[in-house]
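The residues making up each chain are set out below.
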Amino acid sequence: MSRPTRPAILKSLLAPFAVDTTNMTLVRAQLATLSRQVPLLYFVLCANLVLCAVGFIDQAPATLTIYFPAALIAFASLRSIIWLRTRNAVLSDDGARRRLKAIVYLGLTLGVVCLVWSVALWRYADARSGTHITFTVAVTLLICMACLMHLRTAALGLASTGAVPYVIFLFSTGSPDLIVLGVNLLLIVSAMIYVLLTASGDFEKLINISIETERLNAENARLANTDSLTGLPNRRHFFERLD
């Protein structure tokens, strides 16, 4: 038995991060689901970060506690309005592909934003408020991953740029309590990744089954209304047209 080559191993590892834009039925189904969940993602993100920032009003600079949350709220509100106003719009195939890829970039960006903001806020935290930051980051990332569950590439990107680096940061502090928190967060994120991979796979299978069912129905209708020898419309097709 031949051993798998290095490119084959790398391809299998990167497979969960691939975005399938060839199946347009799947792409449109993912966009229809995400159009209801992305605004919720923005709300949770803003609410959690603002509530966490309020606890540091007297400790951290206004850049972290006022200006950044305000800018985030403005951006999230604008994007939510756009999503809500265009969720029933009929997009072209290229437009649907671009929007799906934009959601992937959103997942990557949110992870970086949460990571940079939380690490910057740690400079002004004591043990108790540091635990508050960790709780906020963990809850925010997990809920955002759940909102992006039907597009696993975006959810995995969020985990890769936000959750995993934050766990590494907790380990780097050398504090036993924070290391325990890091281990706990890593286990929870790992379980969440397993759940989202399973859910996104089941979602894709459901869409593919729907596509195959439509194809079989169309094929049955064609066979029922055409002559098997000549391929011409049969008597049943004639009478249905008369009706």
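Let us look at the structure shown here. Only a predicted model underlies this, so the values are computations on that prediction, with no experimental measurement involved. (Residues numbered from 1 in each chain as written. Predicted model: local features only at pLDDT ≥ 70, side-chain atom pairs only at ≥ 80, totals over all residues. Heavy atoms only, no water.)

Quick word on helix H3 (residues 62-86)
The periodicity of an α-helix, 3.6 residues per turn, causes residues three or four places apart in sequence to face the same way.
Part 1 of the argument: Between its first and last C-alpha, H3 extends 35 Å over 25 residues, near the 36 Å set by a 1.5 Å rise per residue.
Part 2 of the argument: For H3, every residue scored as buried is listed here: Leu64, Thr65, Pro69, Leu72, Ala76, Ser80 and Trp83.
Part 3 of the argument: Next to the buried residues of H3 lie helix H2 (24-54) and helix H4 (93-122). (Helix = DSSP H or I, 4+ residues; strand = E, 2+ residues; numbered from the N terminus. Expected span 1.5 Å × (residues − 1). Buried < 20%, exposed > 50% of the residue type's maximum accessible area, 1.4 Å probe, protein only. Contact = heavy atoms within 4.5 Å.)

What about the nonpolar core?
Part 1 of the argument: Formed by 55 residues in total, the largest nonpolar core has its most connected members in Ile103, Leu121, Ile133, Leu148 and Tyr166.
Part 2 of the argument: When contributions to this core are tallied by element, the ones reaching two or more residues are H2, H3, H4, helix H5 (127-147), helix H6 (152-172) and helix H7 (176-225).
Part 3 of the argument: In terms of residues, this core owes the most to one element, H2, which gives 12 residues.
Part 4 of the argument: If we skip the residues at most four places from it in the chain, Tyr166 touches Leu115, Ser118, Trp122, Ile133, Thr134, Val137 and Leu185. (Core = buried A, V, L, I, M, F, W, Y, C linked by side-chain atoms within 4.5 Å.)

What about the packing of H5 against H6?
Part 1 of the argument: For the pair H5 and H6, the least separation of the axes is 10 Å and the interaxial angle reads 165 degrees. The angle between H5 and H6 falls in the class roughly antiparallel. In this structure, the crossing between H5 and H6 has a hand that is left-handed. Here Ile133, Thr134, Val137, Leu141, Cys144 and Met145 of H5 come into contact with H6, specifically with Ala155, Leu158, Ala159, Gly162, Ala163, Tyr166 and Leu170. (Axes fitted to C-alpha atoms, helices over the stretch in contact; angles between N-to-C directions. Parallel < 35°, antiparallel > 145°, perpendicular 65-115°, else oblique. Left-handed = near helix turned anticlockwise from the far one by under 90°.)

Notes on the side chain of Arg99
Part 1 of the argument: Along the chain, the position of Arg99 falls in helix H4.
Part 2 of the argument: Despite being buried, Arg99 has no salt bridge partner; Asp93 is the closest side chain of opposite charge, sitting 13 Å away.
Part 3 of the argument: If we skip the residues at most four places from it in the chain, Arg99 touches Leu31, Trp83, Thr86 and Leu91. (Lys, Arg positive; Asp, Glu negative; His and termini not counted. Salt bridge = Lys/Arg side-chain N within 4 Å of Asp/Glu carboxyl O.)

Examining the packing of aromatic side chains
Part 1 of the argument: One pass over the structure, following the stated rule, counts four aromatic pairs.
Part 2 of the argument: When the centroid spacing of 6.2 Å and the interplanar angle of 20 degrees are considered together, the rings of Phe68 and Trp117 count as stacked. Taken together, the residues Phe68 in helix H3 and Trp117 in helix H4 connect sequence positions 49 residues apart.
Part 3 of the argument: With relative accessibility at 3%, the residue Trp117 sits in the buried group.
Part 4 of the argument: Judged by centre distance (5.8 Å) and plane angle (65 degrees), the ring pair of Trp122 and Phe169 falls under edge-to-face. Here Trp122, found in helix H4, pairs with Phe169, found in helix H6; they are 47 residues apart in sequence, far enough to count as distant. Each member of the pair, Trp122 as well as Phe169, carries the same accessibility label: buried. (Phe/Tyr/Trp six-rings, centres within 6.5 Å; stacked < 30°, edge-to-face > 60°.)

Quick word on the environment of Asn23
Part 1 of the argument: Mapped onto the elements of the fold, Asn23 is located in the loop between helix H1 (6-14) and H2.
Part 2 of the argument: Look at Asn23 and you get buried, because its relative accessible area is 16%.
Part 3 of the argument: For the pair Asn23 and Asn208, spaced 185 residues apart in sequence, the C-alpha to C-alpha distance is 9.0 Å.
Part 4 of the argument: Beyond its immediate stretch of four places on either side in the chain, Asn23 contacts Asn208 and Ile211.

Some words on the layout of surface pockets
Part 1 of the argument: Taken as a whole, the largest pocket spans an internal volume of roughly 270 Å³.
Part 2 of the argument: Considering the residues around the largest pocket, the lining is formed by 15 residues, among which Tyr42, Phe75, Arg79, Leu106 and Thr109 are closest to the centre.
Part 3 of the argument: Taken together, the elements giving at least two residues each to the lining of the largest pocket come down to H3 and H4.
Part 4 of the argument: Looking at which element gives the most residues to the lining of the largest pocket, the answer is H4, with eight residues.
Part 5 of the argument: Looking at side-chain class alone, the lining of the largest pocket contains 12 nonpolar, one polar and two charged residues.
Part 6 of the argument: What lines the second largest pocket is a set of 13 residues, among which Arg28, Leu31, Ala32, Arg87 and Ala89 lie closest to the centre.
Part 7 of the argument: For the lining of the second largest pocket, the secondary structure elements donating two or more residues are H2, H3 and H4.
Part 8 of the argument: Ranked by the residues each element gives to the lining of the second largest pocket, the list is headed by H2, at five residues.
Part 9 of the argument: Split into classes, the residues belonging to the lining of the second largest pocket amount to six nonpolar, three polar and four charged. (1 Å grid on protein atoms, 1.4 Å probe; cavity = no way out; pocket = protein on both sides within 12 Å on 5 of 7 lines; lining within 4 Å. Points joined across faces, edges and corners; volume = space filled by probe spheres on them. Nonpolar A, V, L, I, M, F, W, Y, C, P; charged D, E, K, R; others polar.)

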